[in-house]
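# Secondary and tertiary structure notes
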Amino acid sequence: ADGGSSIEAGGSVSTLRESASALETFVAALQTSLESESKLGCEFIAQVMSKKEAELKAKEAEKAKRAAERGNGSNPNAKNNSGKADEFAGMSEGQKAKILKKRAEKEAKAAAKRKAKEAKAAGGSAALSSIFGAGTSAIYPLLSKCNNLSDPTLLSELEKTVDGLLSGGMQRKPKVPKGTRDYLPEQMSIRSQAFSIIRRVFQRHGAVEIDTPVFERKETLTGKYGEDSKLIYDLADQGGEMLALRYDLTVPFARFLAVNAVGNIKRFHIGKVYRRDQPALSKGRYREFYQCDFDIAGVYGRMVPDSECLAVACEILDGLPIGDFGIKLNHRRLLDAILDICGVPAEKFRTICSAVDKLDKEPWSEVRREMVDEKGLQVEVADRIGEFVVLKGKPWDMYKLLMDGKKFGNHKGAMEAMEDLRICFEYLEAMDKLKFISFDLSLARGLDYYTGVIYEAVCMNGNTQVGSIGGGGRYDNLVSMFQEAGKATPCVGVSVGIERVFTLMEERLRQEQGGSIKQPNVAVLVASAGENLLLDRMKLTKVLWDANISAEFSQQENPKLKFEIANALDRQIPFMVISGEEEAKEGKCKVKDLKARTEETVDVSDLVKTLREKGVVPVGCEFAMELLNGEQSS
């Protein structure tokens, strides 16, 4: 037995020696490869720098030549400056000092610019950094002197340099994470308008607002989104729970209903969601974005909540300044019936639905190829599906075509779905919303939890679809996944993607304002004509604030009035209230209408009344004023 143990121990040592030898060989090969790459990189940088230096020298020589030619030429019209009059004649010492100070500042800026340009032209780290970046300019000098990666001095210097770069030692410009964005004040103003319009529609339909955590237990989210589950953001385990950022607001709402034992509810929720998607910022596709959801949960009349959700979507999109839109409508059970009639195995329904869902982005030929080559569907089955999914049109026209043509035979699921749609069309017609709807058999909505009607809102340019801006549908079984056996809470909802809506609103505003999206953030700018009037400006502004009128005053102690007027014009502020020394003594002020270019002097006690007569609206009452003006004009 002892001999066997020795043999085993000897075998283990031998294996370790072989592994160590193989590892040493691999490390040596890796070092040789890295040194070769480093050498090639340094040679390339040296070539580029040499070429750049030669180009800069030639450019400087050409400039010197032109300067010499200009110096040798004669200008018959040149004036003799010897007899030139004193340019400062008639000026005070203060004016003279101000002009000389400005000249000195300009000369200093020009000298700094010239120095930077000369340093760049001379080569070295300035030129290296401008061409290849700060990281290369720090590492290249080290590797160009020594290319032996086993040299301890080089390794130590490289480690220090890399640590400095990673800690921000090179003052690198920070970046926002991929698929996210910052919102400037002008953009936030547009987004705030969009939220206000959406929130008003939700509230006038009697919805109550809720909120849920931005992250959920991972088990809550997984298995609800089909192939899109791979886009869920997982969070590192911080306290014994596996967590993930919410992918949408619908699954958290289902969990909310189960946890809080809520019965019938009509709710809305505006919040951020996260998807590990490939972003396309120009199309409004982000990894972090807002969703605005409206859902009705509970037992109600057949298709009544479904039609109200569609009506809500229509009202929101009709109220937002985004141009034409349309809503594509289908039924999940009708789509399942089509797949069943065409011969698709039941276990492939969801994966084939995911392929059909791509028809708004890809041609039928590509979707057909995916079904056959990647999903393993028979060619003739895919072709039969193609005969159905190309059908779309006005709701009643499509209904008549499908029913009169007996496209679904006597398929039970299809007939029940068509009856749902017939009822829905009648309700939408009663609410004057059917004109926005298109019955589209290609609409699939890839999420696994849908069980009934499904819809998607798209922005239209003429008859061309240019992007999805919302969607939703019925999901009767989602809540039951979080409830005890036998319980069920039917739900239907709609979600508006605010980022794409915002992109459309921003583009539209730029077109209307000639490329600018500036909008005034206050109605009145309070200014003064004279010095030491800061307290008067503060008192006048307080009068406006107390009347709930948006106003502000300059934070400078003695700002020049002409600069204040220029500031108001640049920011498109419609009104100014101006106080002077005499007006302040008399308890008066001037009201300046910058758009009408009029000005009048009023008592401070009449200031609020005067501004309201000119159309200034209290903060938060803008929409009410719009309605009032609309009623008066009609």
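Since this is a predicted model, take the numbers as computed values, not measurements. (Residues numbered from 1 in each chain as written. Predicted model: local features only at pLDDT ≥ 70, side-chain atom pairs only at ≥ 80, totals over all residues. Heavy atoms only, no water.)

### Looking at the packing of helix H6 (residues 185-204) against helix H9 (residues 304-319)
Axis separation between H6 and H9 bottoms out at 9 Å; the angle between their running directions is 150°. When the axis of H6 is compared with that of H9, the two are roughly antiparallel. The hand of the H6/H9 crossing is right-handed. In this structure, H6 contributes Ile197, Ile198, Val201, Phe202 and Arg204 to the contact, and H9 contributes Val312, Glu315, Ile316 and Gly319. Looking at the contact of H6 with H9 residue by residue, the class counts come to six nonpolar, one polar and two charged. (Axes fitted to C-alpha atoms, helices over the stretch in contact; angles between N-to-C directions. Helix = DSSP H or I, 4+ residues; strand = E, 2+ residues; numbered from the N terminus. Parallel < 35°, antiparallel > 145°, perpendicular 65-115°, else oblique. Left-handed = near helix turned anticlockwise from the far one by under 90°. Contact = heavy atoms within 4.5 Å. Nonpolar A, V, L, I, M, F, W, Y, C, P; charged D, E, K, R; others polar.)

### Observations concerning the sheet that holds strand S2 (residues 215-217)
Sheet strands pair via backbone hydrogen bonds, and the direction of the pair is either parallel or antiparallel. Strand order across the open sheet formed by three strands is S2-S4-S3, with antiparallel pairing between neighbours. The outermost strands of the open sheet, each flanked by one partner alone, are S2 and strand S3 (234-235). Here two bridges tie S3 to strand S4 (residues 243-245), and the two strands are oriented antiparallel to one another. Following the sheet pairing, leucine 235 is matched in S4 by leucine 243. (Pairing = 2+ DSSP bridges.)

### With respect to helix H15 (residues 412-430)
Compared with an ideal rise of 1.5 Å per residue, which puts 19 residues at 27 Å, H15 spans 28 Å between its outermost C-alpha atoms and is within 8% of the ideal. Those residues of H15 that sit buried are Gly413, Ala414, Ala417, Met418, Asp420, Leu421, Ile423, Cys424, Phe425 and Leu428. Immediately downstream of H15, the backbone of aspartate 432 shows phi near 60°, a positive value. (Expected span 1.5 Å × (residues − 1). Buried < 20%, exposed > 50% of the residue type's maximum accessible area, 1.4 Å probe, protein only.)

### Things to note about the sheet that holds strand S15 (residues 575-580)
With mixed pairing, five strands are arranged side by side in an open sheet as S14-S13-S15-S16-S17. At either end of the open sheet lies a strand with only one pairing partner, and these are strand S14 (551-553) and strand S17 (598-603). Strand-to-strand twist in this sheet, taken as the mean axis angle between neighbours without regard to direction, amounts to 30°. The pairing of S15 with strand S16 (residues 588-593) spans four bridges and is antiparallel. For valine 577, the partnering residue across the bridge sits in S16 and is valine 591. Where helix H17 (residues 534-546) meets the sheet, its contacts fall on strand S13 (524-529), S14, S15 and S16, and the angle it forms with S14 comes to roughly 170°. Those strands touched by helix H18 (residues 561-570) are S13, S15 and S16, and its axis lies near 165° from that of S13.

### Considering the nonpolar core
The biggest cluster of nonpolar side chains holds 83 residues, and the ones touching the most others in it are Leu320 and Ile385. When residues in this core are grouped by element, the largest group, eight residues, is from H15. When near neighbours in sequence (up to four residues on either side) are disregarded, leucine 320 contacts Ala194, Ile197, Ile198, Val501 and Met505. With 22 residues, the next largest nonpolar core counts Ala244, Ile454, Leu478 and Val479 among its residues. (Core = buried A, V, L, I, M, F, W, Y, C linked by side-chain atoms within 4.5 Å.)

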